[in-house]
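# Residue-level structural notes
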Amino acid sequence: MPDRIVGGRVIPDRRKAYRMEPIQAIAEPFLKELYPGIWKRSEADIDQLPRLMYDGVWRDHTDEITADIYAFADFHPVDEQRAEGAIKAWSQQSGNDLEGEYSQSYYRVAVHVGLLAYVRYMRELRTKMYCEPGWHRIVERFHDACSGQPGYGFISASEKWGGLSLVYRCNPAAQEHCREAERVAIERASHICEKCGLAGELRRSAWRKTLCDRHWLERSKEGSLPDEGV
Ligand SMILES: [Zn+2]
């Protein structure tokens, strides 16, 4: 089992690490549930056309489908924004550049089920994020950047001295790649409010926290108020 990396140091570790299968693979249960006519593979009939069209759209457009899914997540960084209606609407607007109505409709199915799978997966990953929601998308992007690297697995994310701290494991062959992604994530978090995801900076007083002006003021007021009962 690969070692865990904490703040650039390598530490042996036995904790459960989260790995992500390719999006098409984790989307299969959603395809089965929502589009059973496309999902089913007929053993007797090799010309199961809907299935072939669906697989074909993934084969030819994985990068574009993935980019559409990431764009949705960027526009909806907070989990409550990722409702099924918003996902459906997003998928229906995708694929406009494709030629042919058939390709477009299969593309939209792929984005739809891919997004449902991605959002559910990330909801689970967020249970391992102990920082506040403003940084969650940053951590997701780190995870996306490292998924598929040899031995990579996510363990946790948290706030430490006002900055983002990531714990994960990977094989030596993937260390350079993962550390670079970690560096990018920490840099990004250093000017994003940990509470809300808007522009922020590191505030230092009795505590250290990266916050926007609004949340800094709120927090400062909280800090200066006497305890409850006044
Ligand atoms: Zn804020």
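What counts, and at which threshold
- Residues numbered from 1 in each chain as written.
- Predicted model: local features only at pLDDT ≥ 70, side-chain atom pairs only at ≥ 80, totals over all residues.
- Heavy atoms only, no water.
- Helix = DSSP H or I, 4+ residues; strand = E, 2+ residues; numbered from the N terminus.
- Buried < 20%, exposed > 50% of the residue type's maximum accessible area, 1.4 Å probe, protein only.
- Contact = heavy atoms within 4.5 Å.
- Areas by Shrake-Rupley, 256 points an atom, 1.4 Å probe, with all protein chains shown as cover.
- Pairing = 2+ DSSP bridges.
- Donors = N, O, S within 2.8 Å, 3.2 Å for Na, K, Ca; no water.
- Tetrahedral: all angles 85-135°; square planar, octahedral: opposite > 155°, others 65-115°.
- Salt bridge = Lys/Arg side-chain N within 4 Å of Asp/Glu carboxyl O.
- Core = buried A, V, L, I, M, F, W, Y, C linked by side-chain atoms within 4.5 Å.
- Expected span 1.5 Å × (residues − 1).
- Arc of directions from axis to C-beta.

So, about the overall build of the chain. Helix and strand counts for the chain come out as nine helices and six strands. The burial tally for the chain puts 43% of its 230 residues in the buried class. For the chain, the proportion of contacts with a sequence separation of at least 24, taken over those separated by at least 6, is 57%. For the chain, the exposed area adds up to about 13100 Å²; of that, 53% sits on carbon and sulfur atoms.

With seven bridges joining them, strand 3 (residues 153-160) and strand 4 (residues 163-169) adopt antiparallel strand pairing. In the strand pairing of strand 4, Lys 160 is matched with Gly 163. Hairpin connection of strand 3 to strand 4: two residues between the antiparallel strands, including Trp 161 at a positive phi of 50 degrees.

Moving on, we get to the coordination of the zinc ion. For the zinc ion, the full set of protein donor atoms is Cys 193 (SG), Cys 196 (SG), Cys 212 (SG) and His 215 (ND1), at a range of 2.1 to 2.3 Å. Geometry at the zinc ion is tetrahedral, judged from its four donor atoms and the angles of 99 to 117 degrees they form at the metal. Between consecutive donor residues of the zinc ion, the sequence gaps follow C-x2-C-x15-C-x2-H. You can see Cys 196 sitting in the loop between helix 8 (175-189) and strand 5 (201-204) and its partner Cys 212 sitting in the loop between strand 6 (208-211) and helix 9 (213-224), a full 16 residues away along the chain.

Moving on: the pattern of salt bridges. According to the stated counting rule, one finds 15 salt bridges in the structure shown. Ionic pairing is found between Glu 140 and Arg 82, a salt bridge with its closest N-O pair at 3.0 Å. One end of the pair, Glu 140, is in helix 7 (residues 136-146); the other, Arg 82, is in the loop between helix 4 (49-75) and helix 5 (84-92), and 58 residues separate them in sequence. Residue Glu 140 is classed as buried on the basis of its relative accessible area, which comes to 0%. Exposure remark for Arg 82: the relative accessible area of 3% places this residue in the buried category. Arg 214 serves as the salt-bridge partner of Glu 218, at 3.2 Å between the closest nitrogen and oxygen. One end of the pair is Glu 218 and the other is Arg 214, both in helix 9 and four residues apart, which spans about a single turn. Ionic contacts of the salt-bridge type, sharing partners, join the residues Asp 74, Arg 82, Arg 126, Arg 137, Glu 140 and Arg 141 into one network.

Tyr 54, Phe 142, Phe 154, Leu 164 and Leu 166 are the most contacted members of the largest nonpolar core, which totals 53 residues. Counting only elements with at least two residues in this core, the list comes to helix 1 (23-26), helix 2 (28-34), helix 4, helix 6 (101-125), helix 7, strand 3, strand 4 and helix 8. Here this core gets 14 residues from one element, more than from any other, and that element is helix 6. Filtering out sequence-adjacent residues up to four positions away, Phe 142 remains in contact with Tyr 152, Phe 154, Leu 166, Tyr 168, Cys 178, Ala 181, Glu 182 and Ala 185.

Attention now goes to helix 8. With 15 residues, helix 8 extends 21 Å from end C-alpha to end C-alpha; this agrees with the ideal 21 Å at 1.5 Å per step. All of the buried residues in helix 8 are Gln 175, Cys 178, Ala 181, Glu 182, Ala 185 and Ala 189. Around the axis of helix 8, the buried residues are gathered within 135 degrees of arc, so they sit on the same side.

One non-glycine residue, Trp 161, adopts positive backbone phi at about 50 degrees. Within the fold, Trp 161 resides in the loop between strand 3 and strand 4.

Within the element layout of this structure, Val 139 appears in helix 7. With relative accessibility at 0%, the residue Val 139 sits in the buried group. Spatially, the C-alpha atoms of Val 139 and Met 129 are 8.0 Å apart, while their sequence positions differ by 10 residues. Once you skip the residues sitting within four places of it in the chain, Val 139 turns out to touch Met 129, Cys 131, Phe 154, Ala 157, Leu 164 and Leu 166.

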